[in-house]
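Overview (structure and organization)
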Amino acid sequence: KFIKNFKKLRVHNEKSWPPYNYNEFGLPKGFSIDYMNLLAYKLGFEIEYVSNYTWNEYLEMLRDKEIDIMLNIVNTQNRREYINFTNSYAQSLPSIYTLNNRSDIRSLSDLKGKKVSVPKGFYTSEIIKRKYPEIKLIESADMLKSLEDVAFKRADATISDFAVAN
């Protein structure tokens, strides 16, 4: 019934979330994009990829029904208030990233009192705010900016999916 009513679905496309969801020269690419394209082909609907927004803007667009689907999104309690989730199609391996010369950060507990940069609206931001208030949270526009915050010593660490950060 859903597919019958929506012949064209608006789906979010990240600027830079390789290998899952990114945009290269104006073309949506990545594992999540390939998976969505396969579903669209098999189920007979069209996709309009929506690009060039931040993660937090995409969350607002989904809440306001300006887009229909978000890919590669973690199921959290806050998000379940306005998002219906499918079963997972991939697993995330969250990892802490620091500069090579840091030997004092090996776990979440080591981040107490430290500056941690994560993209605004990411599930890691939700978790840090709720469970680790002693971490000094820096919210960036995207994952690349969070990695830059670490590289340029504006943050002590970032937390990202292993495949994406690598």
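To start, this report covers the structure provided alongside it. Counting from 1, residues in each chain are numbered in the order their sequence is written. Two thresholds apply to this predicted model, a pLDDT of at least 70 for residue-level local features and 80 or more for giving and counting side-chain atom pairs, whereas whole-chain, interface and lining totals are computed over all residues. Each side-chain value is worked out from all heavy atoms of the structure, with water and hydrogens disregarded.

**Here's the deal with a negative patch on the surface**
This is how it is decided: Patches here are clusters of residues that have more than 30% relative accessible area and form no salt bridge, with a 9 Å joining cutoff for like charges and a 5 Å cutoff for nonpolar side chains (Val, Leu, Ile, Met, Phe, Trp, Tyr). All accessible areas in this document rest on Shrake-Rupley with a 1.4 Å probe, and a residue is counted as covered only by the protein chains that are shown. When a carboxyl oxygen of Asp or Glu is within 4 Å of a side-chain nitrogen of Lys or Arg, the pair counts as a salt bridge. Positive charge is attributed to Lys and Arg, negative charge to Asp and Glu, and no charge count is given to His or to the chain ends. To locate a charge, the coordinates of NZ of Lys, CZ of Arg, CG of Asp or CD of Glu are taken. Strands here mean DSSP runs of E at least two residues long; helices mean DSSP runs of H or I at least four residues long; both are numbered from the N terminus. A 1.4 Å probe rolled over the protein chains alone gives each residue an accessible area, and that area as a share of the maximum for its type sets the label: buried under 20%, exposed over 50%, partly exposed in between.
A contiguous patch of negative charge on the surface is contributed by Glu57, Glu60, Asp64 and Glu66. Considering the arrangement of structural elements, one finds Glu66 in the loop between helix H3 (55-63) and strand S6 (94-97). The class of Glu66 is partly exposed, set by a relative accessible area of 42%.

**What to know about the pairing of strand S9 (residues 157-161)**
So the rule is basically this: Pairing between strands is defined by DSSP: at least two bridges between the two strands are required.
The element S9 is largely enclosed, with a buried count of five among its five residues. In the sheet, S6 pairs with S9 via four bridges, with the strands oriented antiparallel. Its bridge partner lying in S9, Pro94 is registered against Asp161. Two elements, strand S7 (residues 115-119) and S9, share two bridges in a ladder whose sense is parallel. Within S9, the position partnered with Ser117 by the bridge is Thr158.

**Points about the environment of Ser107**
Inclusion rule: Identification of polar contacts relies on pairs of N or O atoms within 3.5 Å, with a donor-acceptor requirement for protein atoms, meaning one able to donate a hydrogen and the other able to accept it, and with residues adjacent in sequence counted only if both atoms are side-chain atoms.
Inspection of the secondary structure puts Ser107 in the loop between S6 and S7. C-alpha of Ser107 to C-alpha of Ser95: the two residues are twelve residues apart in sequence and 9.2 Å apart in space. Side-chain polar atoms of Ser107 contact the side chain of Ser109, separated by 2.9 Å.

**Considering H3**
Worth spelling out the cut-off: Contacts between residues were defined by any pair of non-hydrogen atoms, one from each residue, lying within 4.5 Å.
By the burial criterion, the buried members of H3 are Trp55, Asn56, Tyr58, Leu59, Met61 and Leu62. Buried residues belonging to H3 abut strand S1 (8-13) and strand S5 (46-51). Two residues or fewer after H3 comes Lys65, characterised by a positive phi angle close to 60 degrees.

**Regarding empty space enclosed by the protein**
Definition in use: Only protein atoms enter the 1 Å grid used here, on which a cavity is any set of points holding a 1.4 Å probe that cannot leave and a pocket is any open set flanked by protein within 12 Å on both sides along at least five of seven lines; residues with an atom within 4 Å of a point are listed as lining. Grid points are joined across faces, edges and corners, and a volume is the space filled by probe spheres set on the points. Just so you know the grouping, Ala, Val, Leu, Ile, Met, Phe, Trp, Tyr, Cys and Pro go in nonpolar, Asp, Glu, Lys and Arg go in charged, and all remaining residues, Gly too, go in polar.
Applying the stated criterion across every chain, the model contains one cavity of 30 Å³ or more. When its volume is computed, the largest cavity comes out at roughly 100 Å³. Glu14, Lys15, Ser16, Trp17, Tyr53, Thr54, Trp55, Phe122, Ala141, Asp142 and Met143 are the residues that line the largest cavity. By residue class, the composition of the lining of the largest cavity is six nonpolar, two polar and three charged.

**Re the packing of aromatic side chains**
Rules: The rule is short: rings of Phe, Tyr and Trp, with Trp giving its six-membered ring, pair when the centres are within 6.5 Å, and they are stacked under 30 degrees, edge-to-face over 60, tilted in between. For a ring to carry a charge above it, either NZ of a lysine or CZ of an arginine must fall within 6 Å of the ring centroid while also lying within 35 degrees of the normal to the ring plane.
Inspection of the entire model under this criterion finds six aromatic pairs. A ring pair is formed by Phe31 and Tyr35, whose centres lie 6.4 Å apart and whose planes are at 20 degrees; its orientation type is stacked. Pair noted here: Phe31 and Tyr35 are both in helix H2 (residues 31-43), with a separation of four residues, about one helical turn. Ring geometry for Tyr53 against Tyr58: centres 5.8 Å apart, planes inclined by 70 degrees, an arrangement best described as edge-to-face. According to the relative accessible area criterion, Tyr58 is buried, its value standing at 0%. Here the aromatic cluster, defined as three or more aromatic residues joined through ring pairs, consists of Trp17, Trp55 and Phe122. The ring of Tyr82 is capped by Arg63, whose NZ or CZ atom sits 4.2 Å from the centre of that ring.

**So, the sheet that holds strand S3 (residues 21-24)**
Within a beta sheet, neighbouring strands are joined by backbone hydrogen bonds and run either parallel or antiparallel to one another. Spatial strand order, S2-S3-S4: three strands in an open sheet with antiparallel pairing. With one partner strand each, in any of the chains shown, strand S2 (16-17) and strand S4 (27-29) form the two edges of the open sheet.

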